[in-house]
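Residue-level structure breakdown
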Amino acid sequence: MGTRDPRVDAYIAKSADFAKPVLKHLRELVHKNCPDTNETIKWSMPFFEYKGGVFCNFAAFKQHCAFGFWLGPLLEVEAKNAKAMGDFGRITSMDDLPSDKEIVRLMKAAMKLHDSGAKVPGREKSAEKAPLEIPAAFMAAVKKNKKALATFEAFTPSKKKEYVEWFTEAKAEATREKRLAQAIEWMAEGKSRHWKYQNC
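The structure contained in this document is the topic of the report that follows.

Cut-offs applied
- Residues numbered from 1 in each chain as written.
- Predicted model: local features only at pLDDT ≥ 70, side-chain atom pairs only at ≥ 80, totals over all residues.
- Heavy atoms only, no water.
- Phe/Tyr/Trp six-rings, centres within 6.5 Å; stacked < 30°, edge-to-face > 60°.
- Helix = DSSP H or I, 4+ residues; strand = E, 2+ residues; numbered from the N terminus.
- Buried < 20%, exposed > 50% of the residue type's maximum accessible area, 1.4 Å probe, protein only.
- Salt bridge = Lys/Arg side-chain N within 4 Å of Asp/Glu carboxyl O.

1. So, the packing of aromatic side chains
- Here the structure, examined in full by the defined rule, presents eleven aromatic pairs.
- Arranged with centres 5.7 Å apart and planes meeting at 65°, the rings of Phe48 and Phe58 form a pair that is edge-to-face. Of the two residues, Phe48 sits in strand S2 (residues 45-50) while Phe58 sits in strand S3 (residues 53-60), which places them ten residues apart along the sequence.
- Exposure remark for Phe48: the relative accessible area of 0% places this residue in the buried category.
- Residue classification places Phe58 among the buried residues on the basis of a relative accessible area of 0%.

2. What to know about the pattern of salt bridges
- Tallying each qualifying case throughout the model produces eleven salt bridges.
- Ionic pairing is found between Glu39 and Arg27, a salt bridge with its closest N-O pair at 2.6 Å. Of this pair, Glu39 sits in strand S1 (residues 38-42) while Arg27 sits in helix H2 (residues 19-33), and the two are twelve residues apart along the sequence.
- Residue Glu39 is classed as buried on the basis of its relative accessible area, which comes to 6%.
- Taken together, the shared-partner salt bridges connect Asp9, Arg27 and Glu39 into one network.

Rendered as structure tokens:
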């Protein structure tokens, strides 16, 4: 049986009201029709893994949400709306989704592709990771706290990225400053960005 990740619950809870029923519905369809999937968070978005590989993912934005299969380019998917990240175009309500029957058909086709070891041409090259760009203001503040600096430097690249993205994604200066102060406090205690979920 697959697993659920409490971070996905938190992600859905923080999403816009229009997105919540869409994300919940897609999540249940995935677990019902591909029960061996495991939830996780990658690149700040919920992902579903199947047999050790990425299967599909969804994301919520201010005015739309998206859903896509990792092997989507190998599937025949017709989106109702304008193209966006994912395979179903811009999803603004349940009405923008294909029928459950069609989604399930695509899931089963995607599972067969995964089982056969299929790969998307060029996927490996596009997955090459660019070096993490750390804002000078972020690093300068972290260096002022020896414990926080030691923790940050010991982090894996992905752990560092979680804190850096949390800081850089804040639109307002006041929010960035608040997040930076919180990040330094947590790192001084040896905590990662998502430490609250580690023991869940």
